[in-house]
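Spelled out, the chains give:
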Amino acid sequence: MDPIRNPYAPGAGQRPPELAGRDTEVRQFEVVLERVAAGRPERSLVLSGLRGVGKTVLLNTLRSQAIKRAWGTGKIEARPDQSIRLPIAQALHTAMRELGHRHRDDEKVDQFSAVLKAFALRTAANDRKGIRWHPPVDVAAAKGRADSGDLEMDLIELFTDAADLAGDLTVGVGLFIDEMQDISSDDLSALCAACHEISQQSAPLVVVGAGLPHLPAVLSASKSYSERLFRYIRVDRLAREACDRALMVPAESEGVQYDEEALDELYAQTDGYPYFVQAFAHSTWDHAPASPITIKDVAVAGPEASAELTVGFFGSRYERATPAEREYMRAMAELGIGVDDGSVPTAEVANTLKRKPQSLSPARDGLIKKGLVFSAERGTVAFTVPHFGKFLRTRTA
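All figures in this text were calculated on a predicted structure; none of them were measured in a lab.

Peer 1: Is there a simple way to explain the overall build of the protein in this structure?
Peer 2: When helices and strands are tallied, the protein shows 16 helices and eight strands. For the C-alpha atoms alone, the extent of the protein along its principal axes is close to 65 × 60 × 35 Å. Residue burial in the protein is summarised as follows: out of 397 residues, 51% are buried. The contacts of the protein with a sequence gap of at least 6 include a subset with a gap of at least 24, amounting to 77%. Accessible area of the protein: about 18,200 Å², with a carbon and sulfur share of 49%. Once the 48 positive and 55 negative side-chain charges of the protein are each reduced to a mean point, those two points are 4 Å apart.

Next comes the structure, spelled out in C-alpha cells:
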C-alpha cells in the first residue's frame, strides 16, 4: 500500500491518529477545567506509567483541552540536577502571553510580568545553563514579591498572581510538567506546597504532571499530604478493544481493513503498549500489498519493526549505561523471566551477581538517575521500559 498514506505515528510524543483507550481521562479533565473556571475546588493531576504508554501524548492532549477552553498554559520538561525556577517562569510567561492580550487592565498584566521577572532573576547562574530564554525586558522587576529566594514562598506568590489574572477572564492557568520524577526533592517539596496553598484558595490554577511509575512515591516522600493533593492516574497499556480501535480507525479512514487474525497477531506482538502498536502498525502498512491486511503481512513486517525498536527504543537506552550498569540490568532480566519483567528484589540481583548489595548501589542509583529502572517500593527494582528484559535476554543470547 501507499506509504505516503500510512496513517500511523510511531514517534516519541507524537499523537496517534486515534487516541484510543484514553476517553475516561479526557472526560475527567474536562470536568476539572469546568470546575476550576467556576471557582470550585479541584485537585491537580499526576499521570504515571512506563515508557511508551503515551503519557506525553496524553499530557499534550490535556493541554490542548485547556487551550480550547481559552486557558493560559505552559509546559516544561524537568531535568535532573536543574532547578525548576526558570523553566516555570518561562512556562507561565507563555501562559500569560495567551491571556494578556485579552485582559482589559494592561497595568495589571504589566504588574504580573514584573513579578514574573523578579521570580526568574532569582535563578542561580548554574541553573541558567542551556536555557536561552530571558524574562520580560520591557518591565522592571518587582520588589518584595516572588523574589525572596525561597522557592516555596516565591512559587506561592507567583501562582497566586497568575491565577488572579486568569480569574479576571473566568478561565484558569495550567502548568504541564513532563518527566516530573526528575525534579529535585527540595524543588518538588516547594512545588507541592505551592499547589497545596493554591488549592486551599480555590484559585484557578492546576498542575498536571507526568512521570514514571514511582512518581506517586516520590511525591509522597516530598510531602506527606501529596497523597491527597493530587488525583493520580495510572496510564497503562491498551486493552484489546482499544488496541483494535487504534489500529482500525486510522486504516478505515484510508479505506483499508484488517483480518481478525492480523489484529490478534498485532496485539500478541505489542501487548497493547501504544508505542509498539504504532511501530508495528506502521511497518505492517508499508509491507501489506493490499487491503485487507492479513496475518501474513504482520509476519513479514514484524522482524523489521522489532529491529527498529531494538536500535532506537531499546538499544539507545542500553548504550547509555556503563558496563557495571549493563551487568546489573542483565541480572534483572534473568530474574524477570516468568514474572513479565516486573519488580525484582535488589537482594536477588546481588545474589545473581555474587556481590554484596552495598557494592551494587552505584550501578542501581546510576540506572535510576538515567531513567532506565525505578524503585516503586524499598528493596525492589523494575525496568521503566516494557519488554526491556526480553530485549536484554535476546541480546545476551
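Peer 1: What's the story with the UniProt feature "domain: Cytochrome c" (unreviewed entry) in the protein in this structure? I'm lost.
Peer 2: In this structure's numbering, the residues bearing the UniProt feature "domain: Cytochrome c" (unreviewed entry) are residues 167-318. Taken end to end, residues 167-318 is 61% helix and 12% strand, and its first and last C-alpha atoms sit 47 Å apart.

Peer 1: Whenever I open this one, helix 9 (residues 240-252) confuses me. Can you help?
Peer 2: An α-helical segment advances 3.6 residues per turn. Residues three or four places apart therefore align on the same side. Across its 13 residues, helix 9 extends 18 Å between first and last C-alpha, which sits within 8% of the 18 Å expected from 1.5 Å per residue. Along helix 9, the residues classified as buried are Ala242, Cys243, Asp244, Ala246, Leu247, Pro250 and Ala251. Packed against the buried residues of helix 9 are helix 10 (260-270) and helix 11 (274-287).

Peer 1: Even after reading the chapter, I still don't get the nonpolar core, so can you show me in this structure?
Peer 2: One broad rule of soluble globular proteins: the nonpolar side chains tend to lie buried together. Grouped together as the largest cluster of nonpolar side chains are 123 residues, with contacts concentrated most on Ile88, Phe159, Leu191 and Tyr258. Sort the elements by how many residues they give to this core and helix 5 (residues 151-167) lands first, with nine residues. Discounting residues that sit within four places of it in the chain, leucine 191 has contacts with Ile84, Ile88, Leu155, Phe159, Ile177, Met180 and Ile183.

Peer 1: I'm lost on the sheet that holds strand 8 (residues 380-383) in this one. Help?
Peer 2: In any sheet, the strands associate via hydrogen bonds between backbone groups, in a parallel or an antiparallel arrangement. Here we have three strands laid out as an open sheet, ordered 6-8-7, and antiparallel in their pairing. The strands lining the two open edges of the sheet, one partner per strand, are strand 6 (344-345) and strand 7 (373-374). When strand 7 meets strand 8, the two strands line up antiparallel, connected through two bridges. Bridge pairing links valine 373 to phenylalanine 383 in strand 8.

Peer 1: Sorry, what's going on with the packing of helix 12 (residues 295-320) against helix 13 (residues 323-335) here?
Peer 2: Angle between the axes and distance between the axes are the two parameters that describe a pair of packed helices. The contact between helix 12 and helix 13 brings their axes to 8 Å, and the two run at 130°. By the angle between their axes, helix 12 is oblique relative to helix 13. Across the interface between the two elements, Tyr318, Glu319 and Arg320 of helix 12 pack against Glu325, Arg326, Met329 and Arg330 of helix 13. Of the residues assigned to the contact of helix 12 with helix 13, the class counts are two nonpolar, no polar and five charged.

Peer 1: For this particular structure, what's the right way to read the sheet that holds strand 1 (residues 44-48)?
Peer 2: Taken in spatial order, the five strands of this open sheet run 2-3-4-1-5, and their pairing is parallel. Looking at strand neighbours, the two that pair on one side only are strand 2 (72-77) and strand 5 (230-234), the edges of this open sheet. Between one strand axis and the next, the sheet turns by 15° as a mean value, whatever way the strands run. Judged from the five bridges that link them, strand 3 (residues 173-178) and strand 4 (residues 205-211) form a sheet pairing that is parallel. For isoleucine 177, the partnering residue across the bridge sits in strand 4 and is glycine 209.

Peer 1: Could you clarify how one ought to interpret the pattern of salt bridges in this entry?
Peer 2: Side chains carrying opposite charge are able to pair once their charged atoms draw close together. Inspection of the entire model under this criterion finds 22 salt bridges. A salt bridge links arginine 35 to glutamate 42; its shortest N-O distance comes to 3.2 Å. Here arginine 35 falls in the partly exposed class, since its relative accessible area comes to 31%. Notably, a salt bridge pairs lysine 370 with glutamate 325, separated by 2.8 Å at the nearest N-O pair. Taken as a pair, lysine 370 in the loop between helix 15 (361-369) and strand 7 and glutamate 325 in helix 13 lie far apart in primary sequence, 45 residues in all. Each of Arg240, Asp244, Glu260 and Asp264 takes part in salt bridges that share partners, so that together they form one network.

Peer 1: In this structure, what is going on with the side chain of aspartate 154? I would like to understand it.
Peer 2: When you line up the elements, aspartate 154 lands in helix 5. For aspartate 154, the side chain forms a polar contact with the side chain of serine 148, separated by 2.7 Å. Excluding residues within four positions of it along the chain, aspartate 154 makes contact with Arg85, Phe119, Ala146, Asp147, Ser148 and Gly149.

Peer 1: Looking at this model, I keep getting lost on unusual backbone geometry. Mind explaining?
Peer 2: Backbone torsion omega between serine 291 and proline 292 reads 5°, so that peptide bond is classified as cis. Position of proline 292 relative to the elements: it lies in the loop between helix 11 and helix 12. At aspartate 271, a residue that is not glycine, the phi angle is positive and equals roughly 55°. Counting through the fold element by element, aspartate 271 comes out in the loop between helix 10 and helix 11. Residue classification places aspartate 271 among the partly exposed positions, given a relative accessible area of 23%. Non-glycine residue histidine 387 carries a positive phi angle of around 70°. Inspection of the secondary structure assignment puts histidine 387 in the loop between strand 8 and helix 16 (388-396).

Peer 1: Explanation requested: the packing of aromatic side chains in the structure shown.
Peer 2: The geometry of an aromatic ring pair is captured by the separation of the ring centres together with the interplanar angle, meaning the angle of the planes. What the rule picks out here adds up to 13 aromatic pairs. Joined through ring pairs, the aromatic side chains of Tyr273, Tyr275, Phe276, Phe313, Phe314, Tyr318, Phe383, Phe388 and Phe391 make up one cluster. Looking at arginine 85, its charged tip hangs above the ring of phenylalanine 119, at a distance of 4.6 Å from the centre. Here arginine 317 stacks its cationic end above the ring of phenylalanine 313, 4.8 Å away from the centre of that ring.

Calculation notes
- Residues numbered from 1 in each chain as written.
- Predicted model: local features only at pLDDT ≥ 70, side-chain atom pairs only at ≥ 80, totals over all residues.
- Heavy atoms only, no water.
- Helix = DSSP H or I, 4+ residues; strand = E, 2+ residues; numbered from the N terminus.
- Buried < 20%, exposed > 50% of the residue type's maximum accessible area, 1.4 Å probe, protein only.
- Contact = heavy atoms within 4.5 Å.
- Areas by Shrake-Rupley, 256 points an atom, 1.4 Å probe, with all protein chains shown as cover.
- Lys, Arg positive; Asp, Glu negative; His and termini not counted.
- Charge placed at Lys NZ, Arg CZ, Asp CG, Glu CD.
- UniProt positions renumbered as here; feature names shortened; annotations may be inferred.
- Expected span 1.5 Å × (residues − 1).
- Core = buried A, V, L, I, M, F, W, Y, C linked by side-chain atoms within 4.5 Å.
- Pairing = 2+ DSSP bridges.
- Axes fitted to C-alpha atoms, helices over the stretch in contact; angles between N-to-C directions.
- Parallel < 35°, antiparallel > 145°, perpendicular 65-115°, else oblique.
- Nonpolar A, V, L, I, M, F, W, Y, C, P; charged D, E, K, R; others polar.
- Salt bridge = Lys/Arg side-chain N within 4 Å of Asp/Glu carboxyl O.
- Polar contact = N/O pair within 3.5 Å; in protein donor to acceptor, adjacent residues only side chain to side chain.
- Phe/Tyr/Trp six-rings, centres within 6.5 Å; stacked < 30°, edge-to-face > 60°.
- Lys NZ or Arg CZ within 6 Å of the ring centre and 35° of its normal.

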